[in-house]
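# Coordinates in review
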Amino acid sequence: MQRIYLFFFLVLSIPYAWAEECNTGFVPGDIAEHLTANRIPEAVKLAETMAKDDKNQRQALLLLAYVYVNAALRPAISLDTDKLGFLPGEGGSQQVTEDQLNVATGDTFNVDSAYAAKAEQIILQVIGQWPDTRSLYYCLTKIHFYSGDHQRFLQSLHNTAQALAQESDDTVDYLIGYAMEYVQRNQLDRAADVYTTLLRTFPKSAPLLSSLGVTYLHRGMTRKAMDFFMQAYQADPEDVLVIGNIAEASMLTTEFDQAERFLLLKLERQPANTQLYYDLAINAMHRGPQYALPFWQDYFKQNQQHPDEPRWVENARMIELAIEQGMNDETLFDLALQMIDFGLTKYAVAPLTLLKNKHPGDPRYTYRLAHAYDTGRHYDLALQALEETLERRKKNPNGLEADLNGLYFNQARYLFALGEYKKTLKLIKSIKADSETRADVEYLRALAHQQLGNNDQARNALQRCIEYSTQEGNRDTCRNQLLRL
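Note that the structure is a prediction, hence the values are computed from the model and not measured.

### A short note on the packing of helix α15 (residues 275–284) against helix α19 (residues 345–358)
If you want to describe how two helices pack, look at the angle between their axes and the distance between the axes. Close contact between α15 and α19 brings their axes to 7 Å; oriented N to C, the two are set at 30°. Here α15 lies roughly parallel to α19, going by the angle between them. Where α15 approaches α19, its residues Tyr278, Asp279, Ile282 and Asn283 are matched on the opposing element by Lys346, Tyr347 and Ala350. Counted by class, the contact of α15 with α19 contains four nonpolar, one polar and two charged residues.

### A few points about the side chain of Arg392
Locating Arg392 in the fold gives a position in helix α21 (residues 379–395). At 3.0 Å, the side chain of Arg392 and the backbone oxygen of His359 are in polar contact. In this structure, Arg392 is in contact with Lys356, His359, Pro360, Gly361, Asp362, Pro363 and Thr366, ignoring residues within four places of it in sequence.

### So, helix α23 (residues 421–428)
Residues separated by three or four positions in an α-helix point in the same direction, a consequence of the helix having 3.6 residues per turn. Every buried residue of α23 is listed here: Thr424, Leu425, Leu427 and Ile428. Projected down its long axis, α23 carries its buried residues within an arc of 165°, all on one side. Across from the buried face of α23, at angles greater than 90 degrees, the exposed residues are Lys422 and Lys426. Summarising the contacts, the buried residues of α23 are in contact with α22 (404–417) and α24 (438–451).

### Topic: the nonpolar core
Soluble globular proteins tend to pack their nonpolar side chains together in the buried interior. Tyr278, Trp296, Tyr299 and Ile319 are the most contacted members of the largest nonpolar core, which has 153 residues in total. If you tally residues by element for this core, the top one is helix α4 (residues 57–72), at 12 residues. By size, the runner-up hydrophobic cluster in this structure holds eight residues, among which are Ala446, Ala461, Cys478 and Leu482.

### As for the packing of aromatic side chains
One pass over the full model with this rule turns up 22 aromatic pairs. Relative to Tyr299, the ring of Trp296 lies with its centre 5.9 Å away and its plane at 90°, an arrangement referred to as edge-to-face. With Trp296 and Tyr299 both in helix α16 (residues 293–305) and three residues apart, the pair spans about one turn of that helix. We classify Tyr299 as buried; its relative accessible area is 0%. Look at Phe333 and Tyr365: their rings are 5.2 Å apart centre to centre, the planes differ by 85°, and that puts the pair in the edge-to-face class. With a gap of 32 residues between them, Phe333 in helix α18 (residues 329–341) and Tyr365 in helix α20 (residues 363–375) connect regions that are remote in the sequence.

### Some words on the side chain of Glu320
Its place among the elements puts Glu320 in helix α17 (residues 310–324). With sequence-adjacent residues up to four places away left out, Glu320 is seen in contact with Leu293, Trp296, Gln297 and Phe300.

### Some details on helix α14 (residues 256–269)
For α14, with 14 residues, the first-to-last C-alpha span of 20 Å sits near the 20 Å given by 1.5 Å per residue. Those residues of α14 that fall on the buried side of the exposure criterion are Phe256, Ala259, Glu260, Phe262, Leu263, Leu265, Lys266 and Leu267.

### Things to note about the environment of Pro307
Tracing the sequence through the fold places Pro307 in the loop between α16 and α17. For Pro307, a relative accessible area of 62% translates into the label exposed. Sequence separation between Pro307 and Asn273 is 34 residues; the distance between their C-alpha atoms is 9.3 Å.

Rules and cut-offs
- Residues numbered from 1 in each chain as written.
- Predicted model: local features only at pLDDT ≥ 70, side-chain atom pairs only at ≥ 80, totals over all residues.
- Heavy atoms only, no water.
- Axes fitted to C-alpha atoms, helices over the stretch in contact; angles between N-to-C directions.
- Helix = DSSP H or I, 4+ residues; strand = E, 2+ residues; numbered from the N terminus.
- Parallel < 35°, antiparallel > 145°, perpendicular 65-115°, else oblique.
- Contact = heavy atoms within 4.5 Å.
- Nonpolar A, V, L, I, M, F, W, Y, C, P; charged D, E, K, R; others polar.
- Polar contact = N/O pair within 3.5 Å; in protein donor to acceptor, adjacent residues only side chain to side chain.
- Buried < 20%, exposed > 50% of the residue type's maximum accessible area, 1.4 Å probe, protein only.
- Arc of directions from axis to C-beta.
- Core = buried A, V, L, I, M, F, W, Y, C linked by side-chain atoms within 4.5 Å.
- Phe/Tyr/Trp six-rings, centres within 6.5 Å; stacked < 30°, edge-to-face > 60°.
- Expected span 1.5 Å × (residues − 1).

So this is what it looks like as structure tokens:
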């Protein structure tokens, strides 16, 4: 059973004329043929000859700019060996399937640094003399992106956005594609840099604000994501994706009244969406199971006209029947645990919140809430729930069977996931690991040191991880990480 989250990156990658200026279509056919055939020196020599003979300086310099850009950017195929299953430093042969190749390969560009430098020099000269050609900044953006120079890329991205600010929607729709490439590479920090850079020019762009929120969400920073979702809603209150994102995030952050409001707003715009009634019913359970009954009735009525998946309908009938028969705390707790097992974090939050508020001295419910958030990778919320669990456990030491060192280790994991590396290392010092957990603790210590640039400490921790590991798989993990340093 899996209900897919409705968090989306808002992106529409459509090429516009100013982006096409970087392509061979803007150079004479004979030069374009050389470029296409990868005869770069011949193309450049011909272009430089033509430019020298051209009395129109602007036209001559533009020709050189286009040719140098195309000489600098050569189409290539990227290959992610990690996705093929190769380990760092591994040799020999390995059989690879077609499906593996499709996943591991993609289109990209190689950058010739010499021609890139010439392209940048000419482009800046052209823009300096003829400001109406500022869309050429896009070509530099493309070069710097594929060269891997992130800071110069961001500066060119900002220049491009500024140059094309009057075409706000088209510009955002196209430039946001760079963030999506970073997302596909799982470089979420850099994707966030793209959105943040573009927001300097387009501060009220709902797609940018919402996409930045989604980036933070996937980095485990749910509350920070919510801030950007709300800003996106203020920018465009009719955007149904933004409304849906707020509804989903509100269910997670226990802002249940807000969740209900935005679920109803989304329902106004998607009246045939039967699943929204399911969400409304589960969300209402934070007040008590009986408060969900009206929404379940609406769900089954709606299902007659717009059927939901049969397994969800069956699940809904079981929940409704349990409520009608008098759902007690144990049954409600079991329901929450099932939702966690299915990976449905948002459906576990309302029941567990009801139980934790009803039993303020019991650490079991906050502990399971932390587990639910951990399953969904909402690390800020997991950390908060675990801190509350530790407080409750102090007052009720027998209320939770979980080992205290295990709770500290999970706390350290969440801090690491949130980028709090120094706090991670500080907390690790207080963990008294036994023979079964020492390797995990050392591995986490190594990762935190590596993020802080302490490679010697990281290597030492990985050596201890290899020594302490009781399973070959764990030893391999530590060895592979050591090879990456």
